[in-house]
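Residue-level structural notes
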Amino acid sequence: MRGKVVVGLIGAGLLLAGCGSASVSGNADAEGTAAGEPVFSPCDDIPDEAVRTLGMDPATESRDIYGVQQPGWKICEWHGAGPYLSVLSTTYSLDDVRANDNYTEFSDIEVGGRHGLSFRKISEGDGRACEVAVSSGTGAVLLSAAYLGVDRVIEDPCVIAERAASQFVEYIPA
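All of the points below concern the structure found in this document.

Conventions we followed
Residues numbered from 1 in each chain as written. Predicted model: local features only at pLDDT ≥ 70, side-chain atom pairs only at ≥ 80, totals over all residues. Heavy atoms only, no water. Core = buried A, V, L, I, M, F, W, Y, C linked by side-chain atoms within 4.5 Å. Buried < 20%, exposed > 50% of the residue type's maximum accessible area, 1.4 Å probe, protein only. Helix = DSSP H or I, 4+ residues; strand = E, 2+ residues; numbered from the N terminus. Contact = heavy atoms within 4.5 Å. Polar contact = N/O pair within 3.5 Å; in protein donor to acceptor, adjacent residues only side chain to side chain. Disulfide = S-S within 2.5 Å.

Right, let's get into the nonpolar core. One finds I46, W78, L85, V87, V134, L143 and F168 to be the most contacted residues of the largest nonpolar core, which totals 26 residues. If you list the elements that add at least two residues to this core, you get α3 (48-53), β4 (73-80), β5 (84-90), β6 (103-111), β8 (129-136), β9 (139-146) and α5 (157-168). Among the elements that make up this core, the one with the highest residue count is α5 (five residues). When neighbours within four sequence positions are excluded, W78 is seen to be in contact with P42, I46, V51, M56, D57, P58, T60, E61, Y84, L85, V87 and F168. Formed by 13 residues, the second largest nonpolar core is a distinct cluster that contains L88, Y92, Y103 and L117.

Okay, here's the thing in structure tokens:
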């Protein structure tokens, strides 16, 4: 099941990567919103106590994808008794997220006085996962709540993702 999660995270990154321009002009500097690295690092910047408040175990922290850093992303994941929670920091904007054809069911939300989006991946139409994106600088931080495998869905993952965004927003740079 963990492999499915990793494939989903890789897919999210690759899908968003299609949002920016990867062309090179003039002196071969990269263009597009994905150039550079996000400043927010979820594993480093979110305290263990905030993770515990959401029912996640800080000892289950998993950085990046199997420990491999993804260019343009900083990723952290935790597990608890219910769904797992992933937090992905990126240089892609909320507009890039909204423009991604692989996402659906967008809802504008407010998280700690900031504009955000709640949405689902089209490929996960079974209601077992939900994403929330919050603006951070010129980029965004995506929070994903998802139930693995045959785990019973106890609470709507969108409610969990929004609660996580509300809990973590004070640590996410504006």
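Secondary-structure assignment places H115 in strand β7 (residues 114-121). Relative accessible area serves as the criterion here: at 42%, H115 is assigned to the partly exposed category. Each C-alpha atom, one on H115 and one on S136, is 9.9 Å from the other, the two residues being 21 residues apart in sequence. Setting aside residues no more than four positions away along its own chain, H115 makes contact with L94, R98, D108, I109, V134 and S135. In this structure the side chain of H115 is engaged in a polar contact, spanning 2.9 Å, whose partner is the side chain of D108.

Before going further, it helps to examine the state of the cysteines. For the structure shown, the criterion picks out two disulfides. In this model, C43 is linked to C76 through a disulfide, with the two sulfur atoms separated by 2.0 Å. Between C43 and C76, the S-S dihedral sits near 100°, and the bridge is therefore right-handed. A residue pair is termed long-range when its members are at least 10 positions apart, and C43 in helix α2 (residues 42-45) and C76 in strand β4 qualify at 33 residues. Per residue, the accessibility class of C43 equals that of C76, and both read buried. Shown here is the disulfide that connects C130 with C158, its sulfur atoms set 2.0 Å apart. With the S-S bond torsion at 90°, the cross-link from C130 to C158 turns out right-handed. Taken together, the positions of C130 in strand β8 and C158 in helix α5 put the pair 28 residues apart, joining distant regions of the chain. By relative accessible area, C130 is classed as buried at 0%.

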